[in-house]
Amino acid sequence: MELKRGRLIDHLHLRAVDLEATKTFYKAVLDTLGIAWTDEGGYFFADELWIDAGETPSRCHLAFQAADRAMVALV
């Protein structure tokens, strides 16, 4: 069997009860990290991260890489 390497994760789909509050948080993080994101009203996404509204929120830990601690302090 041939091993083909690519991204470890194809995509991550999160659900948020309060989409506007979630969008505010992720906008601050993604803008600080220089990651482009798109707001489509009922959902938003950045690269392979997709977030929309739902009655039951997702429960997972998601960490982004930053260049240094100073960048983290900006958020």
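So, a few notes on the structure that sits alongside this text. (Residues numbered from 1 in each chain as written. Predicted model: local features only at pLDDT ≥ 70, side-chain atom pairs only at ≥ 80, totals over all residues. Heavy atoms only, no water.)

Under the criterion given, the structure shown has four salt bridges. The partner of Lys23 in a salt bridge is Glu20, with the nearest N and O atoms 3.2 Å apart. Placement of the pair is Lys23 and Glu20 together in helix α1 (residues 19-33), with a separation of three residues, close to one helical turn. The class for Lys23 is buried, based on a relative accessible area of 7%. In this structure, Asp31 and Lys27 form a salt bridge, with 2.8 Å as the shortest nitrogen-oxygen distance. One end of the pair, Asp31, and the other, Lys27, are both in helix α1, four residues apart, so they sit about a helical turn from each other. (Salt bridge = Lys/Arg side-chain N within 4 Å of Asp/Glu carboxyl O. Helix = DSSP H or I, 4+ residues; strand = E, 2+ residues; numbered from the N terminus. Buried < 20%, exposed > 50% of the residue type's maximum accessible area, 1.4 Å probe, protein only.)

What follows covers the side chain of Asp52. Here Asp52 is to be found in strand β4 (residues 49-53). You can call Asp52 buried: its relative accessible area is 12%. Within the structure, the side chain of Asp52 is placed 2.6 Å from the side chain of Arg15, a separation counted as a polar contact. Here Asp52 is in contact with His13, Leu14, Arg15, Ala16, Leu19, Gly42 and Tyr43, once residues within four sequence places are set aside. (Polar contact = N/O pair within 3.5 Å; in protein donor to acceptor, adjacent residues only side chain to side chain. Contact = heavy atoms within 4.5 Å.)

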